[in-house]
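# Residue-level structural notes
Spelled out, the chains give:
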Amino acid sequence: MVKLSNQTLTTIFYLQRRLVELIDEAKAVEFAIFERFGENEVTLPELDQMQSSVERLRMPYSRLHTLALGIAEYQPVAPDAMLDLLAQTIQQTEALIGAVEASISETKKNWNLP
């Protein structure tokens, strides 16, 4: 039987938490720009970028949840392909988090947001 290690579960839950935090931050930045400057030709690219970031963050959150649950329910042994997909998803999510953090930070800097 394949049981996810405590380290793997901790990583999954940490990544899901970061994804939720970044979704919240991206939406807050989007809202702040919209409230302060409105939606116009200057702000539209940044507003779109924040919305795109949110959409990109949703997918790995769902994928991590689905894979972890699927592996836990799969008996007697989860397929290697499923375990490999989980490992790949973790790596991709870590890279995505770094990229979105940089994007949010740059946007906040460009618009002098706290």
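Structure first, text after, so check above.
### Remarks on the overall build of the protein
Summing up its helical and strand segments, the protein has three helices and zero strands in all. Going residue by residue from the N terminus, the α and β elements of the protein occur as α-α-α. Across its three principal axes, the protein shows a C-alpha extent of roughly 55 × 20 × 15 Å. Burial status across the protein gives 33% buried among its 114 residues. Once local pairs closer than 6 in sequence are excluded, the contacts in the protein between residues at least 24 apart make up 77%. As displayed, the protein has an accessible area near 7,200 Å², and 55% of this comes from carbon and sulfur atoms. Both charge centroids of the protein, one from 10 positive and one from 16 negative side chains, sit 5 Å from each other.

### Thoughts on the nonpolar core
Counting 25 residues, the largest nonpolar core has Ile 12, Leu 64, Leu 86 and Ile 104 as the members making the most contacts within it. Residue assignment for this core shows that the elements contributing at least two residues are α1 (6-37), α2 (44-73) and α3 (80-110). For this core, the element with the most residues is α2, which contributes eight residues. Other than its neighbours up to four places away in sequence, Ile 12 contacts Leu 4, Leu 64, Ala 68, Leu 86 and Ile 90.

### A closer look at the side chain of Thr 43
Within the secondary structure, Thr 43 sits in the loop between α1 and α2. Separated by 2.9 Å, the side chain of Thr 43 and the backbone nitrogen of Asn 40 make a polar contact. Excluding its chain neighbours within four sequence positions, the residues that come into contact with Thr 43 are Ile 33, Phe 37, Gly 38 and Trp 111.

About the criteria used
Residues numbered from 1 in each chain as written. Predicted model: local features only at pLDDT ≥ 70, side-chain atom pairs only at ≥ 80, totals over all residues. Heavy atoms only, no water. Helix = DSSP H or I, 4+ residues; strand = E, 2+ residues; numbered from the N terminus. Buried < 20%, exposed > 50% of the residue type's maximum accessible area, 1.4 Å probe, protein only. Contact = heavy atoms within 4.5 Å. Areas by Shrake-Rupley, 256 points an atom, 1.4 Å probe, with all protein chains shown as cover. Lys, Arg positive; Asp, Glu negative; His and termini not counted. Charge placed at Lys NZ, Arg CZ, Asp CG, Glu CD. Core = buried A, V, L, I, M, F, W, Y, C linked by side-chain atoms within 4.5 Å. Polar contact = N/O pair within 3.5 Å; in protein donor to acceptor, adjacent residues only side chain to side chain.

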